[in-house]
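The chain contents come next:
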Amino acid sequence: MAEKYIVTPWDVSGDVDYKRLMKEFGIKEIDSKLLKRIKKTAGELHPFLKRKIFFVHRDLKWILDEYEKGNKFFLYTGRAPSGHTHLGHLVPWMFTKWLQEKFGVELWFQFPDEEKFLFKDNLTLKDTENYTKENMLDIIALGFDSKKTKFLIDTKNADLMYKEALKVAKKITFSNVKSAFGMTNDVNIGSIFYTAMQAVPAFLPSVLAGKNIPCLIPHAVDQDPHFRLSRDVVGKIGYYKPASIQCRFLPALQGSTGKMSASAQETAIYTIDDEKTVKKKINKYAFSGGRDTVEEHRRLGGRPEIDVAYQWLNFFEYDDKKLKKIYEDYKSGKLLSGELKKVLIEKLNKMLKKHQAAREKAKSKIDKFLIK
Ligand code: TRP
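Residues numbered from 1 in each chain as written. Predicted model: local features only at pLDDT ≥ 70, side-chain atom pairs only at ≥ 80, totals over all residues. Heavy atoms only, no water.

With that settled, consider empty space enclosed by the protein. One pass over the structure, following the stated rule, counts one cavity of 30 Å³ or more. The volume enclosed by the largest cavity comes to roughly 60 Å³. Listing elements by their share of the lining of the largest cavity, those giving two or more residues are α4 (60-68) and α5 (87-103). Residue contributions to the lining of the largest cavity peak at four residues, all from α5. (1 Å grid on protein atoms, 1.4 Å probe; cavity = no way out; pocket = protein on both sides within 12 Å on 5 of 7 lines; lining within 4 Å. Points joined across faces, edges and corners; volume = space filled by probe spheres on them. Helix = DSSP H or I, 4+ residues; strand = E, 2+ residues; numbered from the N terminus.)

Taken as a whole, the second largest pocket encloses approximately 600 Å³ of empty space. As for the second largest pocket, its lining consists of 18 residues, of which M94, L142, Y318, M351 and K354 are closest to the centre. Counting residues per element, the ones that place at least two in the lining of the second largest pocket are α5 and α17 (337-362). At six residues, the largest contribution of residues to the lining of the second largest pocket is made by α17. The residue makeup of the lining of the second largest pocket, split by class, is 10 nonpolar, two polar and six charged. Inspection of the lining of the second largest pocket shows a minimum of three residues originating in each of domain 1 (6-254) and domain 2 (273-360). (Nonpolar A, V, L, I, M, F, W, Y, C, P; charged D, E, K, R; others polar. Domains from an automatic or database assignment.)

With that settled, consider the site of the ligand. Around the ligand lies a shell of 15 residues, among which Y76, A80, Q110, E115 and Q223 are the nearest. Take E115: an N or O atom from its side chain is 2.8 Å from a nitrogen atom of the ligand. Side-chain polar atom of K116 to an oxygen atom of the ligand: 3.3 Å apart, as the coordinates give it. Mapped by element, the contributors of at least two residues to the shell around the ligand are β5 (74-78), α6 (115-119), α10 (189-199) and β8 (215-220). Counting residues per element, the shell around the ligand draws most heavily on β5, at three residues. Residue composition of the shell around the ligand, grouped by class: six nonpolar, six polar and three charged. (Near = heavy atom within 4 Å. Polar contact = N/O pair within 3.5 Å; in protein donor to acceptor, adjacent residues only side chain to side chain.)

Helix length check: helix α7 (residues 125-141) (17 residues) gives 25 Å between terminal C-alpha atoms against 24 Å at 1.5 Å per residue, within 8%. Within the sequence span of α7, burial applies to T128, T132, N135, M136, L137, D138, I139, I140 and A141. On the buried face of α7, the contacting elements are α5, β6 (107-111), α6, β7 (149-153), α17 and α18 (366-369). One or two residues past the end of α7 sits G143, with phi positive at roughly 100°. (Expected span 1.5 Å × (residues − 1). Buried < 20%, exposed > 50% of the residue type's maximum accessible area, 1.4 Å probe, protein only. Contact = heavy atoms within 4.5 Å.)

Moving on, we get to the pattern of salt bridges. If you walk through the whole model with that rule in mind, you get 27 salt bridges. Its salt-bridge partner being E317, residue K347 comes within 3.5 Å of it at the nearest N-O pair. In this pair, K347 sits in helix α17 while E317 sits in the loop between α15 (308-316) and α16 (320-332), placing the two residues 30 residues apart along the sequence. (Salt bridge = Lys/Arg side-chain N within 4 Å of Asp/Glu carboxyl O.)

This part covers a positive patch on the surface. A cluster of basic side chains, namely K147, K361, K365 and K368, defines a positive patch on the protein surface. Relative to the helices and strands, K368 resides in helix α18. Relative accessible area serves as the criterion here: at 53%, K368 is assigned to the exposed category. (Patch = residues over 30% accessible without salt bridge, like charges linked within 9 Å, V, L, I, M, F, W, Y side chains within 5 Å. Areas by Shrake-Rupley, 256 points an atom, 1.4 Å probe, with all protein chains shown as cover. Lys, Arg positive; Asp, Glu negative; His and termini not counted. Charge placed at Lys NZ, Arg CZ, Asp CG, Glu CD.)

For the rest of this paragraph, the subject is the sheet that holds strand β9 (residues 243-247). Spatially, seven strands are ordered β3-β4-β9-β8-β5-β6-β7 in an open sheet, and the strand pairing comes out mixed. With partners counted over all chains shown, the strands left at the sheet margins are β3 (28-29) and β7, one partner each. Here β8 pairs with β9 via five bridges, running parallel. If you follow L216 over to β9, its bridge partner there is A243. Where helix α1 (residues 18-25) meets the sheet, it contacts β3 and β4 (54-58), and its direction lies at approximately 10° from that of β4. (Pairing = 2+ DSSP bridges. Axes fitted to C-alpha atoms, helices over the stretch in contact; angles between N-to-C directions.)

Quick look at the domain arrangement of the protein now. Looking at the assigned domains, one finds that the protein contains domain 1 (6-254) and domain 2 (273-360). Summarising the inter-unit geometry, the C-alpha centres of domain 1 and domain 2 are found 30 Å apart. In this complex, domain 1 contributes 22 residues to the contact, which on the side of domain 2 involves 22 residues. In terms of surface lost to domain 2, no three residues of domain 1 exceed R51, L87 and L253, which account for 37% of the buried area on that side. Here R359 and D138 are joined by a salt bridge, their closest N and O atoms 2.9 Å apart. For the pair domain 1 and domain 2, the number of links is 11 residue pairs in polar contact (both at pLDDT 80 or more). Listing elements by their share of the side of domain 1 that touches domain 2, those giving two or more residues are α3 (47-50), α5 and α7. In terms of residue class, the side of domain 1 that touches domain 2 is made up of 15 nonpolar, three polar and four charged. (Buried area = accessible area lost by both parts, 1.4 Å probe.)

See below:
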């Protein structure tokens, strides 16, 4: 029997069957041929590519064809401010940073500060405004080039965006939105319109430059329905259909493949968590693939496939050799679950210490990223 799971831009739950999702969404695997081409151009492969964390795409081949002809693309991604940033959010952004660096391209980063206001009951526009600032610090802390990165804030940059959103909205019907997102008749009308706003940055740089520029959108698979819907529309109004490169979710601490939920505090680790909190959350909540007793663990070995500490190291320990050794030692029973958790705790705390220092410095840099 098929397992139940849900993947929409507003709800991800259950054990996501990525193979089935690929078929349902009509997205293609990043095959070895594409990986070779990326490696050739970028000079290396990001661990997220080697490890199939970024694993599917739309029109990536076309993006590389154009790039090789000297026609550079721009990157577009975003974050709907609804709370503090957690490690799951960082995954696509870290990768986007790598793409910017390796391909030397511009990034347009959208903050749809109306999105979660419209989709959640308990968030005011004041809240989303505050979180926009908080989230910006995390993005800047990852090291994006301020000369090549622009922050688009929907309510602030409405003068640039609204006219373009109208062109998109006119070509999308209520029934299109219903079938793409599973919306029902009782949703508010703001949320029906919202997808038009998310489409805009995919072609706004072309509008402003007065010429067509290819667009590549790195994002987690849950955002695909937006772009599935708007790709055709953007094509119809005279711009290139945006391409995409998409990633899996960082599993929740409790261990389903569904993404971490910002509304359930204990399933996630936040970029502002201190060392003690990180330690406590991992020790207390990270789902273990270890055995019930040490004796059994030594005899049967651990199960890295279902162990969240191991899964997270797969995302954040970039050293292939180290990771392989951890896998083998855990699988053979040599490494205990508590010891594995300790490896993760140290890795994360090191990473967060650096991030938090950069985040402090980012406070004086926000201005450089805003559109004037
Ligand atoms: N909808 C996204 C979120 O919930 C925010 C977003 C806007 C985005 N534009 C995007 C994400 C482009 C990825 C790519 O956070």
